[in-house]
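# Examining the three-dimensional arrangement
Here are the chains, one letter per residue:
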Amino acid sequence: MMNSSGTTLSDYGWESRFAEMKPAMTGKEAMEESNRCLYCYDAPCIKACPTDINIPSFISKISTGHLKGSARTIMDANPVGASCARVCPTEELCEGACVLNESSKPIRIGDLQRYATDWARAKNEPLFQAAPANGRTVAVVGAGPAGLSAARELGRAGYEVTIYEAKPKGGGLNTYGIVSFRLPESVALWEVEQVEALGVQIRYGVRIGVDIPATQLLEQHEAVILACGMGSVPMLGIEGERLEGVYDAIELVESTKQGVPPALNGLKVTVIGAGNTAVDAATCSVRLGAERVQMLYRRGESQMTAYAFEYTFAKQEGVEFRWFTMPQRIIGDENGRVQAVECMKMELITPPGGGRALPVPVEGSEFMIECDTVIRAIGQHRLLPLIEAFGLRHQWGVVEIEPHTYRTSHPQIYAAGDVIFGQGQGEAMVVSAAQQGKLAAAAVMKALPGQVEETA
């Protein structure tokens, strides 16, 4: 997405605003923090990590100066461990489970994980080697966290793996959809390089079902792992959303990472939604110079889906929140540009049969919010054409899988990541997608054991 003038972050001198926000640990800080760890037996932090990183082990290695071993321990369990060090809700997962919460403060596990993986990135050495080729071929659709994790596991085990990725770069949401000041693109691309170093081939700019038929993948490979994620943000379904100045939140974030963001300097921005992507879009808008940024959500503060630390950060950035607010239409000026959003107040009503309270409009509560820009952040489209090209069973675009094998309704196809998230299934976290990719790969390896060549 490019603004009308084609300006970049550097044109406004805003590159520094998108530099990584949280400073890295110094060597002294890392040493002191790692020596605080109790190295618990049966450590609760390991149980709280979806990828089962041996946290006491990697921290112990930092304390003894064995940084390559620390990074290997992290990346062995989590192929996107450098990204997760920055974007995981650690206060809810590993750090939230730390036994030191009861006496002082938890170990800064995420920061220590970043310290070790940053060391490995700086050294730029491959952390793992591939086993000898075993004669088996697997296709992975999508080079996001789930796809990379699956490919990494298979590549290490000697499988011939080809990833088919529609974008020109790998990393998925980590590369394109998470703001640079939380996750620089270079971190995600290093994780891609680690996978490619194992002999995994990534074919970029290839759309399955468009450039290559789905049937061709099934003919050329013994198994397929579908890890395609989701697509763009859906339309709101209200009048005026095609006016100039209405943006897709994911495209907005991507534009700041690819250097051609819209010009928001001095504008009033309204973000519709209250998830993590909505917060990213709002904080990006602040850093793009917006004069005022408001987030609208049809439910209340306690129902928002963004992580607690994301919410706190947004408020610190000056983002305003308008709870129980539903847009009805977007109003434009005579030039076809956004001028205001007409909204209604909402209230939560429990259905007669019980269940989750639903937001309903309050009669006569219409009001206007003046703004120049509207950003849609109400989730993402399911990639139905791709799912249906493989003939898979799904519920509203959520692919059905066997719980323990990640096998879909097609015996040759497995699935992981956002494509199986929803309908009460899975979790929308990078670390969860990584674990699902690992488990899908393990299921493929069990179904297609390597062919060992006999020696004379």
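As shown above, the structure is provided for reference.
Read on for an overview of the structure. Residue positions are given per chain, counting from 1 as you read along its sequence in written order. In keeping with the model being predicted, local features are shown solely for residues with a pLDDT of at least 70 and side-chain atom pairs are shown and tallied solely at 80 or more, while totals for entire chains, interfaces and linings include all residues. Derived side-chain values reflect all non-hydrogen atoms in the structure, with water molecules and hydrogen atoms excluded from consideration.

### A short note on helix α14 (residues 308-316)
- Think of it in three bands: residues with accessible area under 20% of the maximum for their type are buried, residues over 50% are exposed, and the middle band is partly exposed, with areas taken using a 1.4 Å probe on protein chains only. We count a stretch as a helix when DSSP gives it H or I for four or more residues in a row; a strand needs E for two or more, and each element gets its number in order from the N terminus. When α14 is considered as a whole, its buried residues turn out to be Glu310, Tyr311, Phe313 and Ala314. Buried positions in α14, seen along its axis, are confined to an arc of 165 degrees and lie on one side of it.
- Where α14 is buried, its residues meet α13 (276-287) and β8 (320-322).
- Downstream of α14 by one or two residues, Gly318 has phi in the positive range, about 95 degrees. To obtain the arc, one takes the directions from the helix axis to the C-beta atoms. The contact definition used throughout considers only heavy atoms, calling two residues in contact when any of these lie within 4.5 Å.

### Structural notes on the environment of Cys94
- Topologically, Cys94 is positioned in helix α6 (residues 94-97).
- In sequence terms Cys94 and Ala116 are 22 residues apart; their C-alpha atoms lie 17 Å from each other.
- Once you skip the residues sitting within four places of it in the chain, Cys94 turns out to touch Cys45, Ala48, Ile55 and Ile109.

### Quick word on the sheet that holds strand β6 (residues 268-272)
- The sheet built from 5 strands is open, its strands ordered β5-β13-β6-β7-β8 with parallel pairing. The open sheet is flanked by β5 (246-248) and β8, the only strands paired with a single partner. Looking at each pair of strands side by side, their axes are set apart by 25 degrees on average, direction ignored.
- Two strands pair if DSSP finds at least two bridges between them. Judged from the 3 bridges that link them, strand β7 (residues 292-296) and β8 form a sheet pairing that is parallel. Across the sheet, residue Met295 finds its bridge partner in β8, namely Phe321.
- Helix axes are fitted to C-alpha atoms over the stretch in contact, other axes to C-alpha atoms as well, and angles between N-to-C directions run from 0 to 180 degrees. Where α13 meets the sheet, it contacts β6, β7 and β13 (373-376), and its direction lies at approximately 170 degrees from that of β7.

### Considering the environment of Gly96
- Among the secondary structure elements, Gly96 is positioned in helix α6.
- Spatially, the C-alpha atoms of Gly96 and Pro106 are 7.4 Å apart, while their sequence positions differ by 10 residues.
- Every residue in contact with Gly96, bar those within four places of it in the chain, is listed here: Thr90, Glu91 and Asn101.

### As for the pattern of salt bridges
- A pair is scored as a salt bridge if a Lys or Arg side-chain nitrogen falls within 4 Å of a carboxyl oxygen belonging to Asp or Glu. Going through the model one piece at a time under the given rule, you end up with 26 salt bridges.
- Here Arg121 makes a salt bridge to Asp118, at a shortest N to O gap of 3.2 Å. With a gap of 3 residues between them, Arg121 and Asp118 both fall in helix α7 (residues 109-123), about one helical turn apart.
- Overall, Arg121 belongs to the partly exposed group, its relative accessible area being 23%.
- Across the salt bridge formed by Arg376 and Asp248, the nearest N and O atoms sit 4.0 Å from each other. Taken together, the positions of Arg376 in strand β13 and Asp248 in strand β5 put the pair 128 residues apart, joining distant regions of the chain.
- Judged by its relative accessible area of 4%, Asp248 falls in the buried class.
- Several salt bridges converge on common partners, so that one network encompasses Glu20, Arg86, Arg114, Asp118 and Arg121.

### Some words on the pairing of β7
- Burial analysis of β7 places 4 of its 5 residues in the buried class, which makes it a mostly covered element.
- Here 5 bridges tie β6 to β7, and the two strands are oriented parallel to one another. Looking at β7, one finds that Val271 is bridged to Met295.
- In this fold, the crossover linking β7 to β8 by way of α14 has right-handed handedness. If the strands point away from the viewer and the path from the first strand over the helix to the second runs clockwise, then the crossover is right-handed.

### Notes on the packing of aromatic side chains
- Any Phe, Tyr or Trp ring, taking Trp's six-membered ring, that has another such ring centre within 6.5 Å forms a pair; planes under 30 degrees apart are called stacked, those over 60 apart edge-to-face, and the others tilted. Under the defined criterion, the tally for this structure stands at 7 aromatic pairs.
- Seen from their ring centres, Tyr297 and Trp323 are 6.4 Å apart, and the 80 degrees between their planes marks the pair as edge-to-face. Here Tyr297, found in the loop between β7 and α14, pairs with Trp323, found in the loop between β8 and β9 (325-332); they are 26 residues apart in sequence, far enough to count as distant.
- Taken together, a centroid distance of 4.9 Å and an interplanar angle of 90 degrees make the contact between Tyr311 and Phe321 edge-to-face. In this pair, Tyr311 sits in helix α14 while Phe321 sits in strand β8, placing the two residues 10 residues apart along the sequence. As far as burial versus exposure is concerned, Tyr311 and Phe321 are alike and both buried.
- Taken together, the ring pairs in this structure connect Tyr297, Tyr311, Phe321 and Trp323 into an aromatic cluster.

### Here we look at the packing of helix α8 (residues 145-156) against helix α16 (residues 430-447)
- Their axes nearest at 7 Å, the elements α8 and α16 cross at an angle of 40 degrees. Considering only the axes of α8 and α16, their crossing is right-handed. Taken together, the residues of α16 that come into contact with α8 (itself represented by Pro145, Ala146, Ser149, Ala150, Glu153 and Leu154) are Val430, Ala433, Ala434, Gly437, Lys438, Ala441, Val444 and Met445.
- The residue makeup of the contact of α8 with α16, split by class, is 10 nonpolar, 2 polar and 2 charged. Handedness of each helix crossing follows the sense of rotation of the near helix against the far helix: counterclockwise by less than a right angle gives left-handed, clockwise gives right-handed. For this classification, the nonpolar set comprises Ala, Val, Leu, Ile, Met, Phe, Trp, Tyr, Cys and Pro, the charged set comprises Asp, Glu, Lys and Arg, and every other residue, Gly included, is treated as polar.

### Description of the pairing of strand β10 (residues 338-349)
- Of the strand pairs in this sheet, β9 and β10 are connected by 7 bridges, and their pairing is antiparallel. Directly across from Ile330, in β10, lies its bridge partner Val341.
- Taking the residues between adjacent antiparallel strands as the criterion, β9 and β10 are bridged by 5 residues, where Gly336 takes a positive phi near 80 degrees.
- Alignment of β10 against strand β12 (residues 367-370), held across 4 bridges, turns out to be antiparallel. Each residue of the ladder has a partner; that of Cys343, found in β12, is Phe367.

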